[in-house]
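One letter stands for each residue in the lines below.
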Amino acid sequence: GRLYLNKVFHMSASKMFALLFTDSSFTQRFMEIRRITNPSSTAWQKDDSGNDKRVMNYTITINNPLIGKFSTATENQTLSKESREGQYYQVDAVVHTHDVPYHDHFYTQNRYYIIRVSKRKCRLRVYSDVKYSKPTFGLIKTFITKNSWSGIEDYFRQLGESELLEEEAEMNQAVGES
Ligand code: YK8
């Protein structure tokens, strides 16, 4: 996968996990900014292999005349059993967009790592990959790949270089210098 985000934040690893992977007000606000609507999510639940899983559904806004205005999407998240509360979290998120052309050809796989650096610092790393579930060639593959990379890049740039920094600033203001 390609590395889309790799940054140290002034917040604990467990705080970062709570922001990104629970029904936090941060997630609600970020979704509003990205114009992601109708979100719903199952609770985290352990599966047979010992990993925790949850499923999210939402509608994304695309606004590309060639692709459409909206698409429903399903995101399957797996919190690896290798994760350690407060220390290390690994989440795999597989995103299927259901209403775009060639939607049955491809999906996106995002891997999030949250790593404790110190009591009040953590590193967030995100790798993404566009995966093909059907043989896809030529122009179609180029079109899908280009559109996916640019959408993914934009999303994680806004997450890591804008919204999480703002959240971090607000938090650390509230507790005093940390
Ligand atoms: C998640 C990757 C591709 C998709 C989109 C598809 C165009 C298809 C072009 C074909 C619209 C929130 C993206 C960007 C939609 C948004 C997805 C988000 C940002 C028809 C030629 C949704 C992270 C995520 C992962 C993948 C993104 C899609 O949390 O271009």
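Up top is the structure these notes are about.
Residues numbered from 1 in each chain as written. Predicted model: local features only at pLDDT ≥ 70, side-chain atom pairs only at ≥ 80, totals over all residues. Heavy atoms only, no water.

Asker: Give a detailed account of the overall build of the protein, specifying residues and quantitative values.
Answerer: Within the protein, the secondary structure is distributed over three helices and eight strands. Starting at the N terminus and walking to the C terminus, you meet the elements of the protein as β-α-α-β-β-β-β-β-β-β-α. Across its three principal directions, the C-alpha atoms of the protein cover 50 × 35 × 30 Å. Burial analysis of the protein (178 residues in total) assigns 38% to the buried set. Working note: accessible area of the protein is about 10000 Å², and carbon and sulfur atoms make up 50% of it. (Helix = DSSP H or I, 4+ residues; strand = E, 2+ residues; numbered from the N terminus. Buried < 20%, exposed > 50% of the residue type's maximum accessible area, 1.4 Å probe, protein only. Areas by Shrake-Rupley, 256 points an atom, 1.4 Å probe, with all protein chains shown as cover.)

Asker: Any chance you could break down helix α1 (residues 13-21) for me, citing the residues and the numbers?
Answerer: Listed as buried for α1 are A13, M16, F17, L19, L20 and F21. The buried side chains of α1 occupy one side of the element, clustering within an arc of 165 degrees when seen end-on. (Arc of directions from axis to C-beta.)

Asker: For the pattern of salt bridges, give the residues involved together with the corresponding values.
Answerer: This structure, assessed with the given rule, holds nine salt bridges. Across the pair D154 and R34 runs a salt bridge whose closest N-O atoms are separated by 3.0 Å. You can see D154 sitting in helix α3 (residues 138-175) and its partner R34 sitting in the loop between α2 (25-33) and β2 (37-41), a full 120 residues away along the chain. A relative accessible area of 36% means that D154 is categorised as partly exposed. R157 is the salt-bridge partner of E153, the closest N and O atoms lying 3.1 Å from each other. Highlighted residues: E153 and R157, both in helix α3, separated by four residues, approximately one helical turn. Taking relative accessible area as the criterion, E153 reaches 36% and is therefore assigned partly exposed. Since its relative accessible area comes to 40%, R157 is described here as partly exposed. (Salt bridge = Lys/Arg side-chain N within 4 Å of Asp/Glu carboxyl O.)

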